[in-house]
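Summary of structural features
Given next are the chains, with one letter for each unit.
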Amino acid sequence: MVYNYSVDHGVSHAVALEAVIARLSVTRNLSGGEWTPWKGGVFIHYVGSGQVNPASCSDCQYEIAEIWTKHYLGEFGDLAYNFVVCQHGNIYKGQGFQRGEANGGYAAGQDPADPTLKAQNIRVPTYGQVGRNAAFYSILGLVRGSDAPSSALRTSIKELIRYLRTYDNPNLRAGNLLYPHQHGDATECPGPLLPYTKDGSLDPGIVVQPPIADVSIIPRSGWGARPPDWDVAVPRSERVGFTVHYSAGPTTQTVRQIQNFHMDGRSWPDIGYNFLVDKYGRIYEGVGWDHRGSHATGYNTTHIGCCFIGSDGDATEAAKASIRALYYHAASVYGRTLNATYHSGLPGAATACPGNDLRNWVLGGMGATDIGIVIVTPAPSASTGRSDIRSVLSQQGAVNLLGYSPRLVEDGVFGPATLAGVKWLQGVVGVGQDGLWGPNTETAYKTYVGGGGDGGRTDIRSARSQQTAVNEQGYTPALVVDGVFGPATLAGVKWLQARLGVGADGLWGPQTEDAYIKKAGGGWSNGANTTIRSVAQQQAAVNGLGYTPALVVDGVFGQYTYNGVAWLQNKVGTLADGLWGPATESAYGAYLSGERLVVDGVFGSATKCALQRAVGVEADGVWGDASKRATQRHLNLWADAGLVVDGVFGTASVQAMQRHLNTMIRAGLSVDGVWGAGATRALQTALNQGKF
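Here's what I pulled together on the structure shown here. All of these numbers come straight from a predicted model, not from anything done at the bench.

When helices and strands are counted, the protein chain shows 21 helices and 16 strands. Residues classed as buried in the protein chain amount to 52% of the 692 residues present. Relative to all contacts within the protein chain whose residues are 6 or more apart in sequence, the contacts with residues 24 or more apart total 62%. Looking at the protein chain as shown, the accessible area adds up to about 28,200 Å², and 52% of this sits on carbon and sulfur atoms.

Here it is in structure tokens:
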């Protein structure tokens, strides 16, 4: 089998294969969205119409190269499947254990079997509506419509599903559901694999039960956290208490929605809690063990805040067991037992939080099933590196700053190239070259780059490091990287500060460092921030959200691409500066996992269902008294509206909604109590961004 890339895609065979090898060895969450495969399971796919008939594995690789090229140059910017299985039974890793984007489904309200579903969602037992990509792995059988799936292919798919259901990390295990792609989508996929998916012959028969058992903590990346506006580190010696809260909203709230409210509605730097627990007992990392929360005035430094997602009486036995486990685990983190308390029990706290049930539970000794916290951290090795002291991305940046050649790709993935780079750096700074960035490497590195000069500010970044950073962003004439802070370096730092949008005083302080890391951490490409996504991937993402005229996906960052990225940023609800940094990536992922309503100003069934989901009532598309009362309660809770909850959504209620939308998405509505098309468009935008 031969594919003419020069004709089809302008890519030669050699380049395509090299790109496949390079890209498929590096995985990342394509959308930055929620990734909870334990809620769902696996979708099975096929390639499409036609015939494959591979004579050898080389033919299979060409087929995968063809698929990858289409995905890379199209909507996804990378291979969208998690795994690919060929007719010979070989398994190829696509996105692997990161979230993929191949499980497309109906748009909002278009599923004929369930018109109340959100876009690209599916209804599953226990968890209700979940994202098809957020909760399911995608396995592509490398067959086309006229092919007969081989026994080797079917056996490998079955064993792969077994492996996914029994994976060591519980946060990445596949749930028990196994569906053909056409389940919830208007497609013929998975073609000839359909009967095997339906008759159970691909199911390994292993059922993963979700009893109350030891749990692990879902990291911020697992729920699509926004980067904080700033954070404050807290020495572990200052922690003395553990405070239980509730969110006072529906149990269907997402952690991202709570974070949006805290950051946009309360102007806090991040989500207010250190940890959160849902009704299923899943623990989510908020600001974590070592950063200051915003959960209780006067106690944010001394007390860890743990929030149950729900209202009084909603806390399940699984949730209580996880809160209790987190409390006892805190003793091992801090080296002592913390004082167990609850929000309204703190001196000076005028609040009903966490409600009668959890308050009495804490007072009664926090009795629950005895479970533990599983810490899922791979042991450091030459193949995985060590990232407990400095992240992989930061290690790659440090290696590049010292002049390593060829420069490492700063992608946060520890592969052979990064291992070689870290060993090289260790040789430069004078420590053992084992490739593991431990305390000795960190100390030696800081000593090596810690030189100053006769000016500037070098307590955060050395003069040598500042000079390198300025040069990397295209400053001309390039500075001499000599560690001496003279007039030329001063001029270069001022130039960089102006480009970053901070005060150009020539002093590299916290604001300059933060702006540099967030907006230029991986380097600009002709004006683009390519830390997270290449220019081509940014262009594909912009086109995927419907930008017109569509951008040419050529990897060149010009004015059209800048305008397109700024348009996308405005659409997903983040600063429209044209630079695709962590905030844009997070907002983009949340948008893809959200409602994806058409912003047309029409308060139709899809918008009503989305609003009902946001306020925690049945999504039936009927704007009745129950929905109106729930919306009034929602505005009272999240916007301090002070409304009478009577189910009459009159002038006062509409004004409260308008004020809330102005706060959360800067809608610019007139607070006149008139619910017109403009207010509906703002509501649809807020629902799409998870900010209502």
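Picking up after the structure, the text goes on.
The next subject is the nonpolar core. In terms of nonpolar packing, the biggest core is built from 31 residues, with Phe242, Ile283, Trp289, Ile323 and Leu326 touching the most fellow members. Put simply, the parts of the chain that give this core at least two residues each are strand E8 (215–218), strand E9 (241–246), strand E10 (275–277), strand E12 (303–308), helix H7 (317–334) and helix H8 (355–363). Here this core takes nine residues from H7, the largest share from any one element. Once you skip the residues sitting within four places of it in the chain, Leu326 turns out to touch Ile217, Phe242, Phe275, Ile283, Trp289, Cys306 and Ile373. Leu597, Ala610, Leu611 and Val654 belong to the second-largest nonpolar core, a separate cluster that totals 25 residues.

Before going further, it helps to examine unusual backbone geometry. Trans is the prevailing form of peptide bonds, just as negative phi is the prevailing case for residues other than glycine. Cis geometry marks the peptide bond from Cys189 to Pro190; its omega dihedral reads 20°. Going from Thr548 to Pro549, the amide bond is cis rather than trans, its omega being -10°. Looking at the element boundaries, Pro549 is found in the loop between helix H15 (535–544) and helix H16 (559–572). In this structure, Ala248 takes a positive phi of about 65° despite not being glycine. Within the secondary structure, Ala248 sits in the loop between E9 and helix H6 (255–265). Here the phi dihedral of Ser267 falls at roughly 60°; this positive angle occurs in a residue that is not glycine. With respect to the helices, strands and loops of the structure, Ser267 is situated in the loop between H6 and E10. Accessibility expressed as a relative area gives 55% for Ser267, which makes it exposed.

One turn of the α-helix equals 3.6 residues, which is why residues spaced by three or four share an orientation. The first and last C-alpha atoms of helix H13 (residues 487–500) sit 20 Å apart over 14 residues, in line with the 20 Å expected at 1.5 Å per residue. Three or more residues of H13 are buried, namely Thr489, Gly492, Val493, Leu496, Gln497 and Leu500. Mapping the buried residues of H13 onto a view down its axis gives an arc of 140°, with all of them on the same face. Of the exposed residues in H13, those oriented more than 90 degrees away from the buried face are Pro487 and Ala498. Positive phi shows up at Gly501, right after H13, with a value of about 85°.

A few words on the pattern of salt bridges. Side-chain pairs of opposite charge can arise where the charged atoms are in close proximity. In this structure the tally under the stated criterion is 13 salt bridges. We note a salt bridge from Arg144 to Glu63, for which the minimum N-O separation is 2.8 Å. One end of the pair, Arg144, is in the loop between strand E6 (136–141) and helix H4 (151–165); the other, Glu63, is in helix H3 (residues 57–73), and 81 residues separate them in sequence. Given the relative accessible area of 14%, Arg144 is considered buried. Salt-bridge contacts for Glu159 lead to Arg162; the nearest nitrogen and oxygen are separated by 3.1 Å. You can see Glu159 and its partner Arg162 sitting in helix H4, three residues apart, about one turn around the helix. Owing to a relative accessible area of 38%, Glu159 belongs among the partly exposed residues under this scheme. Note on Arg162: relative accessible area 27%, which makes it partly exposed. Counted as one network, the salt bridges with shared partners bring together Arg226, Asp264 and Lys691.

Their axes nearest at 9 Å, the elements H16 and helix H17 (residues 582–592) cross at an angle of 60°. Relative to H17, H16 is oriented oblique. The two elements H16 and H17 meet at a crossing, and its hand is left-handed. Facing H16, whose interface residues are Leu568, Gln569, Lys571 and Val572, H17 presents Thr584, Ala587, Tyr588 and Tyr591.

Below, the discussion takes up the sheet that holds E10. Taken together, the seven strands give an open sheet; going across it, the order is E13-E9-E12-E10-E11-E8-E14, and neighbouring strands pair in mixed fashion. The two strands at the open ends of the sheet, each matched to only one other strand, are strand E13 (339–342) and strand E14 (373–374). The pairing of E10 with E12 spans three bridges and is classified as parallel. In the sheet register, Val277 faces E12, and the bridge partner there is Phe308.

On to the sheet that holds strand E3 (residues 91–93), then. Ordered by their spatial adjacency, five strands build an open sheet running E3-E2-E6-E1-E7, and the pairing between neighbours is mixed. Strand pairing shows two members of the sheet lacking a second neighbour, E3 and strand E7 (177–180), which therefore form its edges. Ignoring which end each strand starts from, the neighbouring axes of this sheet average 25° apart. Direction of pairing for strand E2 (residues 83–85) relative to E6: parallel, over a ladder of three bridges. Residue Phe83 lies in a different strand from E6, and its bridge partner there is Ile139. Along the sheet, H3 contacts E2, E3 and E6; its crossing angle with E3, the most-contacted strand, is approximately 35°.

This part covers the pairing of strand E1 (residues 41–45). For E1, a buried count of five out of five residues is recorded, marking the element as mostly surrounded by other parts of the structure. Across five bridges, E1 lies against E6 in parallel orientation. Residue Val42 lies in a different strand from E6, and its bridge partner there is Tyr137. Of the strand pairs in this sheet, E1 and E7 are connected by four bridges, and their pairing is parallel. Bridge pairing links Ile44 to Pro180 in E7.

As for its position among the elements, Thr680 is in helix H21 (residues 677–688). Judged by its relative accessible area of 3%, Thr680 is buried. Apart from the residues lying within four places of it in its own chain, the contact partners of Thr680 are Gly601, Val602, Phe603 and Trp675.

Inspection of the secondary structure assignment puts Asn82 in the loop between H3 and E2. C-alpha of Asn82 to C-alpha of Leu140: the two residues are 58 residues apart in sequence and 8.0 Å apart in space. Among all residues touching Asn82, those that are not within four sequence positions of it are Trp35, Tyr92, Lys93, Gly94, Gln95, Gly96, Gln98, Arg99, Gly100, Phe136, Tyr137 and Ser138. Side-chain polar atoms of Asn82 contact the backbone nitrogen of Ser138, separated by 2.8 Å.

Basis of the calculations
- Residues numbered from 1 in each chain as written.
- Predicted model: local features only at pLDDT ≥ 70, side-chain atom pairs only at ≥ 80, totals over all residues.
- Heavy atoms only, no water.
- Helix = DSSP H or I, 4+ residues; strand = E, 2+ residues; numbered from the N terminus.
- Buried < 20%, exposed > 50% of the residue type's maximum accessible area, 1.4 Å probe, protein only.
- Contact = heavy atoms within 4.5 Å.
- Areas by Shrake-Rupley, 256 points an atom, 1.4 Å probe, with all protein chains shown as cover.
- Core = buried A, V, L, I, M, F, W, Y, C linked by side-chain atoms within 4.5 Å.
- Expected span 1.5 Å × (residues − 1).
- Arc of directions from axis to C-beta.
- Salt bridge = Lys/Arg side-chain N within 4 Å of Asp/Glu carboxyl O.
- Axes fitted to C-alpha atoms, helices over the stretch in contact; angles between N-to-C directions.
- Parallel < 35°, antiparallel > 145°, perpendicular 65-115°, else oblique.
- Left-handed = near helix turned anticlockwise from the far one by under 90°.
- Pairing = 2+ DSSP bridges.
- Polar contact = N/O pair within 3.5 Å; in protein donor to acceptor, adjacent residues only side chain to side chain.

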